Amino acid sequence: MLLVPASLPFPLSPAAVYGREGPWVLEIGVGDGRFLVELARAHPGWNLLGAEVAPASVSRALRRLRREGVGQARLYLGDGRFALRNLAGRRSLARVYVNFPDPWPKQKHHERRLLRRPFFELLSTRLQDGGELLFTTDHEEYFHFAIGEARASGLFAVTTAPPPPETLRTKYARKWLDQSKPIFHARFAKTAEAEADFPPLRRYPVPHALMQGTPPPASEFTKLVATDAGVNVVLLEAWQAAAGMVVLARVEEEELTQEVLLEVRPSSKGVYVGLRPNCNPLVTAGVKRAVGLLVDWLEKRGLQAAQRSY
């Protein structure tokens, strides 16, 4: 039930993932999964995909879906915008739900909000003709902000109405209702499609290098940072392993954050530098850059690169 992008093609084939045809519906921000359960009960013919950035929430949602016997749902641990762009193909989604997203209330944080014009432009290419986004929030300013962004895109017709009953049974809806807070709801129906192309994130072969020389001990390693072209790579720490050195890298790019294990170890052809076995990241430009950054550090300590495959 948990999708691992590194082992999947982009975009996904819903028929292959679910083993059946049916309307494909995405919820961004599944929380503990109770809304997905509501959708599954109300619409047994729908194929459901839930995206959530919090690992603990995904764990709770998985347990709930299994406990409730929901077999038509899949979960993705990560940013909903990444799922929308990479997992969903063009005109593949019938509907998208966004319930009580983080409003990022401070003016300086508005660029972090999900429902901005760039999101609506991407969404228009992933929704089927006649598809729609259903948005529910307790934050009135964000509610009007999202409506303004959708109308500015020129791609959606907006209507407001009371939230549907199933939305009011979610965790946050119950919390706000108990506090007598008003809840706002809007439907964004697709009327046109953005001209811009939004291709999935490019993937690469597994990066590695072969070097000559003697690797330094892990105790000499200090944090390294490289930022360029929308990619941020941090080599956080290193520790000695039986066969060499292991390095923890954090890679941030295009709504995707990954923690990756790299290794430096002897091989029959010299010193291997690359991904650690059983580390199965989505191999992106950022992962390639992480390997290159580690090779650069080793070169400064006297090793020579005999082969670069990144």
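Now for a description of the structure that goes with this document.

Rules used in this analysis
- Residues numbered from 1 in each chain as written.
- Predicted model: local features only at pLDDT ≥ 70, side-chain atom pairs only at ≥ 80, totals over all residues.
- Heavy atoms only, no water.
- Pairing = 2+ DSSP bridges.
- Helix = DSSP H or I, 4+ residues; strand = E, 2+ residues; numbered from the N terminus.
- Axes fitted to C-alpha atoms, helices over the stretch in contact; angles between N-to-C directions.
- Contact = heavy atoms within 4.5 Å.
- Buried < 20%, exposed > 50% of the residue type's maximum accessible area, 1.4 Å probe, protein only.

If you walk across this open sheet you meet the seven strands as β10-β11-β12-β13-β14-β9-β15, and the pairing is antiparallel. Both edges of this open sheet fall to β10 (224-228) and β15 (304-309), since each of them pairs with a single strand only. Taken pair by pair, the neighbouring strands of this sheet meet at an average axis angle of 20 degrees, ignoring direction. Two elements, strand β11 (residues 231-241) and strand β12 (residues 244-253), share 10 bridges in a ladder whose sense is antiparallel. Note on β12: the bridge partner recorded for Gln240 is Met245. Set on the sheet, helix α8 (residues 285-299) makes contact with β9 (208-212), β10, β11, β12, β13 (256-267), β14 (270-275) and β15; between it and β12 the angle comes to about 140 degrees.

The next subject is unusual backbone geometry. Following Phe10, the chain continues to Pro11 via a peptide bond in cis, the omega torsion being -15 degrees. Within the secondary structure, Pro11 sits in the loop between β1 (2-3) and α1 (14-18). Backbone geometry at Ala229 places phi at a positive 50 degrees, although glycine is not the residue there. Taking relative accessible area as the criterion, Ala229 reaches 77% and is therefore assigned exposed.

This paragraph deals with the environment of Glu254. On the secondary structure map, Glu254 appears in the loop between β12 and β13. The spacing of Glu254 and Arg85 is 169 residues in sequence and 9.9 Å in space, taken between C-alpha atoms. Ignoring sequence-local partners within four residues, the contact set of Glu254 consists of Phe82, Arg85, Leu201 and Gly230.

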